[in-house]
Amino acid sequence: MLDLLISLGVSKQYVGDVWVAILFVGTSLLLIALVKRQNLGALIAAIYGAYAIETKIFFDFLSDPTLRFITLLVMSVMLLLVFKKFFGEVAIGRNLLSEWIKAGLVSATIVGFAASIVMDWYSKAVLSGFFSTFSMSIFRSDEAQLVWMVAPILVIYLLNLRR
């Protein structure tokens, strides 16, 4: 895919960052399609809950980052099934375009939060083969992880402020 981007005229210096941006947007849209707009609030709660549980699990097999990711994913799906009964729609809009923009913004914060969690489990040496230093700093630095952790809640609050 990187070669395709280079052939389209993207500079080699920025091709990794462009690829991350494409993945980020694509994953955000896929998330909306899979979870549905009305369940994004429940998904946020599910990921927070799964992450809280995952940080306290003491099983030795979870030292492998890939198994931690799979465990987080499975727990998030299980908690989503429970939480979607309790959390209402978060992407409220007066027209369809406004609703999709808000859903996209919420979904992007969810993807960023999940990426910051998972990327923290892998070593920088492993990730440097896939991501540029700039892309890794957006998700892996301590400051960025704090921002990604707060972003979903803040975005939902701001979007529902005028409600």
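As shown above, the structure is provided for reference.
The shown structure was predicted, so the numbers you read here are calculated from the model rather than taken from an experiment.

Draft legend 1. Geometry of the packing of helix H3 (residues 40-56) against helix H8 (residues 142-159). With their axes 11 Å apart at the nearest point, H3 and H8 run at an angle of 155° to one another. Taken as axis vectors, H3 and H8 run roughly antiparallel relative to one another. Here the hand of the crossing between H3 and H8 comes out left-handed. On H8, the residues touching Ile44, Tyr48 and Tyr51 of H3 are Met149, Val150, Pro152, Ile153 and Ile156. Class assignment of the residues belonging to the contact of H3 with H8 gives a composition of eight nonpolar, no polar and no charged.

Draft legend 2. Layout of the pattern of salt bridges. In total, this model carries three salt bridges according to the counting rule given. Note that arginine 68 is salt-bridged to glutamate 54, the shortest N-O span being 2.6 Å. Of this pair, arginine 68 sits in helix H4 (residues 65-83) while glutamate 54 sits in helix H3, placing them 14 residues apart in sequence. What makes arginine 68 partly exposed here is its relative accessible area of 23%. Its relative accessible area of 3% is what places glutamate 54 among the buried residues. Put simply, arginine 140 and aspartate 120 hold a salt bridge, and the shortest N to O gap is 4.0 Å.

Draft legend 3. Region of interest: H8. Helix length check: H8 (18 residues) gives 26 Å between terminal C-alpha atoms against 26 Å at 1.5 Å per residue, within 8%. Of all the bends in H8, the largest measures some 40° and sits at alanine 151, one to four residues before the proline proline 152. Where the residues of H8 are buried, they touch helix H2 (15-35), H3, helix H5 (96-121) and helix H7 (133-140).

Rules behind the numbers
- Residues numbered from 1 in each chain as written.
- Predicted model: local features only at pLDDT ≥ 70, side-chain atom pairs only at ≥ 80, totals over all residues.
- Heavy atoms only, no water.
- Axes fitted to C-alpha atoms, helices over the stretch in contact; angles between N-to-C directions.
- Helix = DSSP H or I, 4+ residues; strand = E, 2+ residues; numbered from the N terminus.
- Parallel < 35°, antiparallel > 145°, perpendicular 65-115°, else oblique.
- Left-handed = near helix turned anticlockwise from the far one by under 90°.
- Contact = heavy atoms within 4.5 Å.
- Nonpolar A, V, L, I, M, F, W, Y, C, P; charged D, E, K, R; others polar.
- Salt bridge = Lys/Arg side-chain N within 4 Å of Asp/Glu carboxyl O.
- Buried < 20%, exposed > 50% of the residue type's maximum accessible area, 1.4 Å probe, protein only.
- Expected span 1.5 Å × (residues − 1).
- Bend = angle between axes of the 7 residues up to and from the residue.

Taken by themselves, the reported measurements are silent on function.
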